[in-house]
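# Geometric and topological summary
Residue strings, one per chain:
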Amino acid sequence: MTEPLIDPFQRAISYLRVSVTDRCDFRCVYCMSENMTFLPKKELLTLEELDRMCTTFVRMGVEKLRITGGEPLVRKGIMTFFDAMTRHLESGALRELTLTTNGSQLERFAQPLHDAGVRRVNISLDTLDEKKFADVTRWGRLPQVMRGIDAAQKAGLRVKINTVALKGFNEDELFPLVDWCAERDMDLTFIEVMPMGDIGNEDRIDQYWKLTDLRAQLAERFTLTDLAERTGGPARYVRAEETGQKIGFITPLSHNFCESCNRVRLTCTGELYMCLGQEDMADLRAPLRNNPGNDEPLEDAIRAAIARKPKGHDFDYSRQTVDGRVSRHMSHTGG
Ligand code: SAM
Ligand code: SF4
């Protein structure tokens, strides 16, 4: 192992999120427009390049890898990559290999993922109503995702449901979603909608359902105890005492979580974003592609990038305009 990655604010970088494709089989309204133009294949890191990239980060102290997208499970041959990462779990260098998925392909992939060493999976689901599900995802079908969730649990994967809190859309499903997750022994995390990418006519301020309001509604029915658990990310957790259930809130807008940030994000083209809410990035594809068989230039580029990791982001809805908006889509950086 080489020197660990420490940024200028003394935060150790131990968590890498990797987007393996910008493509998706859904078109969620808050994430993509209906007519997306995707990147030409040659722009993407190959599966071998993804392996080399992740292996380099692991050597530099990354202990947790989260694979995302776009939809990671629509990337052709993706199991080859997961299977290759198993060696880092086996060596003990990597503590966790996980993914965020829309669940559409899990019926097929849950067991192979478990075989590769994945133990937990985040599945995004905003509603339990078939019609509303088709509306919000445009191309998604709820029964297919439900079969995916069943398969994941059957394979022994611990499931966490991620729900984007959308005003006027799933406000009325707060308790049904909480109850459904409790019945199935799944954790649940609510995410505030973020100002990412140009997605057409959707007005983000209209969609914005403050999680402090959502939490207040939960508190009407449950006794909520704050949990000390921190993941170094924007999530905060409570336990609903009546059910013992863990519920998370990802609030990048109404709370600042940057001081403990331990993560960086790699796009499917090999750009490293040191902060989800800032435009600054470092191209890691060039040092990787231009130096086959020699990882030193890549390591130097990674260190130089981490030395530029900013203190925090600038998202702000407080003035009723979307300030600090970043132009790229969530599917580009990986949510
Ligand atoms: N396709 C996979 C999925 O949906 O889980 C992985 C990628 S997706 C970009 C990752 C997460 O980002 C999902 O939970 C999705 O709901 C969330 N997301 C997408 N656009 C968002 C936005 N504008 N604000 C907040 N969350 C968003
Ligand atoms: Fe696809 Fe995930 Fe974006 Fe929905 S949130 S369009 S499933 S990448």
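These numbers were taken from a predicted model, which means no experiment stands behind them.

Criteria and thresholds
Note that residues are indexed from 1 along each chain, following the sequence as it is written. The naming scheme follows written order: chains are lettered A onward, ligands numbered 1 onward. Totals for whole chains, interfaces and linings use every residue, but because this is a predicted model, local features are given only for residues with pLDDT of at least 70 and side-chain atom pairs only at 80 or more, for both listing and counting. Values shown for side chains rest on all heavy atoms present in the structure; no hydrogens or waters enter the calculation. Strands here mean DSSP runs of E at least two residues long; helices mean DSSP runs of H or I at least four residues long; both are numbered from the N terminus. Note on exposure labels: buried denotes an accessible area under 20% of the residue type's maximum, exposed denotes more than 50%, and partly exposed covers the range between, all computed with a 1.4 Å probe on protein chains only. By the convention used here, residues are in contact when the closest approach between their heavy atoms is within 4.5 Å. Using the Shrake-Rupley algorithm and a 1.4 Å probe, accessible areas are obtained, with residue cover drawn only from the displayed protein chains. Any two strands with at least two DSSP bridges between them are considered paired. Every axis in this analysis is a line fitted to C-alpha atoms, fitted for helices over the stretch in contact. Angles between the N-to-C directions lie between 0 and 180 degrees. When at least one non-hydrogen atom of a residue lies within 4 Å of a molecule or strand, that residue is treated as near it. Pairs of N or O atoms within 3.5 Å make up the polar contacts considered here, provided that, within protein, one atom can donate a hydrogen while the other can accept it, and that residues adjacent in sequence are counted only when both atoms are side-chain atoms. Residue type decides the class: Asp, Glu, Lys and Arg count as charged, Ala, Val, Leu, Ile, Met, Phe, Trp, Tyr, Cys and Pro as nonpolar, and the leftover types, Gly among them, as polar. The arc in question is the one spanned by the directions pointing from the helix axis to the C-beta atoms. Oblique is the label for any angle not under 35 degrees, not over 145, and not in the 65 to 115 range, which are roughly parallel, roughly antiparallel and roughly perpendicular in turn. Rotating anticlockwise by less than a right angle from the far helix to the near helix defines a left-handed crossing, while the corresponding clockwise rotation defines a right-handed one. By salt bridge we mean one thing: a side-chain nitrogen of Lys or Arg within 4 Å of a carboxyl oxygen of Asp or Glu. For every residue, the predictor states its confidence as a pLDDT score lying anywhere from 0 to 100.

## Things to note about the overall build of the protein chain
- Secondary structure summary: the protein chain contains 11 helices and 12 strands in total.
- Burial statistics for the protein chain: of 335 residues in total, 59% are counted as buried.
- Looking at the protein chain alone, contacts between residues at least 24 apart form 73% of all its contacts between residues at least 6 apart.
- With an accessible surface of roughly 14,300 Å², the protein chain has 49% of that area assigned to carbon and sulfur atoms.

## A short note on the sheet that holds strand β7 (residues 224-226)
- Here we have 12 strands laid out as an open sheet, ordered β7-β8-β9-β6-β5-β4-β3-β2-β1-β10-β11-β12, and mixed in their pairing. Strands at the two margins of the open sheet, each flanked by one partner only, are β7 and β12 (281-283). Neighbour-to-neighbour, the strand axes of this sheet turn through a mean angle of 25°, independent of strand direction.
- Of the pairings in the sheet, the one linking strand β3 (residues 96-101) to strand β4 (residues 120-124) comprises three bridges and is parallel in character. Looking across to β4, one finds that L99 is bridged to V121.

## With respect to the site of ligand 1
- Taken together, the neighbourhood of ligand 1 is formed by 19 residues, with Y30, G70, S124, V164 and M194 sitting nearest.
- The contact in question runs from a nitrogen atom of ligand 1 to an N or O atom on the backbone of Y30, over 3.1 Å.
- At a separation of 3.2 Å, an oxygen atom of ligand 1 approaches a polar backbone atom of T101.
- Surface burial for ligand 1 is 95%, taken as the share of its 550 Å² of free accessible area covered by protein chains.
- Elements supplying a minimum of two residues to the shell around ligand 1: β3, β5 (158-165) and β6 (187-192).
- Per-class residue counts for the shell around ligand 1 are seven nonpolar, nine polar and three charged.

## A look at helix α6 (residues 174-183)
- Buried within α6 are the following residues: L174, L177, V178, W180 and C181. Looking straight down α6, one finds its buried side chains confined to an arc of 165°; they lie on one side.
- Buried residues along α6 sit in contact with α5 (142-154), β5, β6, α8 (211-221) and β9 (245-250).
- Two residues or fewer after α6 comes D185, characterised by a positive phi angle close to 55°.

## Focus on the packing of α6 against α8
- It is the contact of α6 with α8, at a shortest axis distance of 11 Å, that shows an interaxial angle of 65°. Classed by the angle they form, the pair α6 and α8 counts as roughly perpendicular. Two packed elements cross with a definite hand, and for α6 against α8 that hand is right-handed. In contact with L174, F175, V178 and D179 of α6, α8 contributes L214, Q217, L218 and R221.
- Each residue belonging to the contact of α6 with α8 can be placed in one class, and the counts come to five nonpolar, one polar and two charged.

## A short note on α8
- For α8, the set of buried residues is L211, L214 and L218. One side of α8 carries all its buried residues, which in axial view fall inside an arc of 55°.
- Those residues of α8 that are buried lie in contact with β5, α6, β6, β7 and β9.

## Observations regarding the pattern of salt bridges
- Per the stated rule, a full pass over the model turns up 23 salt bridges.
- Taking the shortest distance from any N to any O, the salt bridge between E34 and R138 comes out at 4.0 Å. Of the two residues, E34 sits in the loop between β1 (15-19) and α1 (47-59) while R138 sits in the loop between α4 (130-137) and α5, which places them 104 residues apart along the sequence.
- The residue D179 makes a salt bridge to R221 at a minimum N-O spacing of 2.6 Å. Here the residue D179 occupies a position in helix α6, and R221 occupies one in helix α8, the gap between them amounting to 42 residues.

## Some details on the confidence of the model for the protein chain
- For the protein chain, per-residue confidence averages 90 on the pLDDT scale, and residues scoring 70 or more make up 87% of the total.
- Segment residues 317-324 is flagged for pLDDT under 50; beyond a separation of four residues in sequence, or across chains, it makes 19 contacts in the model.

## Re the packing of α1 against helix α10 (residues 296-306)
- Taken N-terminus to C-terminus, the directions of α1 and α10 make an angle of 65°; their axes are 11 Å apart at the nearest point. Crossing of α1 against α10: the hand is right-handed. In this structure, α1 contributes M53, T56, F57 and R59 to the contact, and α10 contributes L298, E299 and I302.
- For the contact of α1 with α10, the per-class residue count stands at four nonpolar, one polar and two charged.

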